[in-house]
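# Commentary on secondary and tertiary structure
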Amino acid sequence: MYVTMKTILDDANQHYYGVISASVVNLELVRGAIRAAQEENAPIIINIGQGQMSKHGDGEIISSIVRILAARATVPVALNLDHGRDYERITHAFRHQFSSIMIDASEYSMEENIRRTKDVVTMCHSQNVTVEGEIGFIGQAANADDEKCDLYTRVEDAVYFFEATGVDALAIAVGTAHGKYPANRAPKIDFDRITQIKQATGKPLVLHGGSDSGEANIRQAVACGINKINVCTDTFVSCKEGLKTALQETPDIDFMSMMINMEITAKDVLQNYIKISGSSGKATHFR
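Residues numbered from 1 in each chain as written. Predicted model: local features only at pLDDT ≥ 70, side-chain atom pairs only at ≥ 80, totals over all residues. Heavy atoms only, no water.

Below, the discussion takes up the packing of helix α9 (residues 215–224) against helix α11 (residues 255–277). Between α9 and α11, whose axes approach to 9 Å, the crossing angle comes to 45°. Put simply, α9 runs oblique to α11. Here Glu215, Ile218, Arg219 and Val222 of α9 lie close against α11, whose contacting residues are Tyr273, Lys275, Ile276 and Ser277. (Axes fitted to C-alpha atoms, helices over the stretch in contact; angles between N-to-C directions. Helix = DSSP H or I, 4+ residues; strand = E, 2+ residues; numbered from the N terminus. Parallel < 35°, antiparallel > 145°, perpendicular 65-115°, else oblique. Contact = heavy atoms within 4.5 Å.)

Next up, the structure:
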């Protein structure tokens, strides 16, 4: 079931649950993500970032893998370009049948962000491709960017941005950040802000930096109106640690077993996030 991200998020928005958007760079992570969704009977969004595409996960290859595995799955699967900043990368994803594209022009002024986002919306909507935008500043957990409250998304800006661009979903800055948080520090999410933006827009909202945010935070964020939760760091770190452990415990382990280990680890991590997000069992909505 290869679908648009809009198809998934419109249902999540209507029924007030969250959907996991799992970052991938290879076959094993894609298989692990879709297996997790299959076992939980949940919709899933496969994510690959612009930087990840340029370093390792070739967009054309990843798209082919996702679409083949989605055709075999009985749950809805979407493929999203994460943090598309360069037009060349965005059009590459568009040409290679990504079902969703995130245009991240949040570093620019509001008007320039709107101009760039509208261009992508015009292109993508012509072929029924979903578009996610971003306003506010999300940044990196290691730099404590999540604590910069003056850069959080304002309610009035979210309303204006949706109306001016026609995006299908919006990533908002409300107290999370990308990457792993320093030890003994969890993000302080502005739940009131999520609620206010949801009430003012009625549209699908996206939480970037879901990794390491804590189960209670994610559950509350979903209850307040978040519909898409991006998970990357926790999956990647868990796979790395799992491979290290496998090598330490079984030094002569063969390479194929290591790849299977990676896939299972990714599945387990993402299956837990799916349960937390509230999307378990929701694939029945699409049949």
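Past the structure itself, the notes keep going.
Helix length check: helix α10 (residues 233–249) (17 residues) gives 24 Å between terminal C-alpha atoms against 24 Å at 1.5 Å per residue, within 8%. Of the positions making up α10, those classed as buried are Thr233, Asp234, Thr235, Cys239, Gly242, Leu243 and Ala246. The elements touched by buried residues of α10 are α2 (27–40), β8 (226–231) and α11. (Expected span 1.5 Å × (residues − 1). Buried < 20%, exposed > 50% of the residue type's maximum accessible area, 1.4 Å probe, protein only.)

To continue, consider the pattern of salt bridges. All chains considered together, the criterion is met by 15 salt bridges. Note that Glu263 is salt-bridged to Arg35, the shortest N-O span being 3.0 Å. Here Glu263, found in helix α11, pairs with Arg35, found in helix α2; they are 228 residues apart in sequence, far enough to count as distant. Judged by its relative accessible area of 6%, Glu263 is buried. Of the charged contacts in the structure, one is a salt bridge between Glu112 and Arg115, with a shortest N-O distance of 2.8 Å. On the criterion of helical spacing, the pair formed by Glu112 and Arg115 is a turn pair, its members being 3 residues apart in helix α6 (residues 110–125). Look at Glu112 and you get partly exposed, because its relative accessible area is 21%. Three or more residues joined by partner-sharing salt bridges are found here, namely Glu112, Arg115, Arg116 and Asp119. (Salt bridge = Lys/Arg side-chain N within 4 Å of Asp/Glu carboxyl O.)

Attention now goes to the nonpolar core. Judged by nonpolar contacts, the single largest core of 72 residues is most densely connected at Ile20, Ile46, Val77, Ile101, Ile172, Ile194 and Ile226. Counting residues per element, this core draws most heavily on α11, which supplies 9 residues. Every residue in contact with Ile101, bar those within four places of it in the chain, is listed here: Asn80, Leu81, Ile90, Ala93, Phe94, Val120, Cys124, Val129, Thr130, Val131 and Glu132. Core analysis: the next-biggest nonpolar cluster, separate from the first, contains 14 residues, Ile8, Leu9, Ala169 and Phe286 among them. (Core = buried A, V, L, I, M, F, W, Y, C linked by side-chain atoms within 4.5 Å.)

The N-to-C vectors of helix α8 (residues 191–201) and α9 enclose an angle of 25°; their axes lie 8 Å apart at closest approach. Classed by the angle they form, the pair α8 and α9 counts as roughly parallel. Like other packed secondary-structure pairs, α8 and α9 cross with a definite hand, here right-handed. Facing α8, whose interface residues are Phe191, Ile194, Thr195 and Lys198, α9 presents Asn217, Gln220, Ala221 and Cys224. Residues belonging to the contact of α8 with α9 are distributed by class as follows: 4 nonpolar, 3 polar and 1 charged. (Left-handed = near helix turned anticlockwise from the far one by under 90°. Nonpolar A, V, L, I, M, F, W, Y, C, P; charged D, E, K, R; others polar.)

For Gln97, which is not a glycine, the phi torsion comes out positive at approximately 70°. Structurally, the position occupied by Gln97 is in the loop between α5 (87–95) and β4 (100–103). Even without being glycine, Asn128 reaches a positive phi, approximately 60°. For Asn128, the position within the fold is in the loop between α6 and β5 (130–135).

Under the defined criterion, the tally for this structure stands at 0 aromatic pairs. When the ring centre of Tyr108 is taken as origin, the NZ or CZ atom of Arg116, which lies over that ring, is 4.0 Å away. Here Lys282 stacks its cationic end above the ring of Tyr17, 5.3 Å away from the centre of that ring. (Phe/Tyr/Trp six-rings, centres within 6.5 Å; stacked < 30°, edge-to-face > 60°. Lys NZ or Arg CZ within 6 Å of the ring centre and 35° of its normal.)

Note that every value here comes from positions in space, so none of it alone points to a role or purpose.
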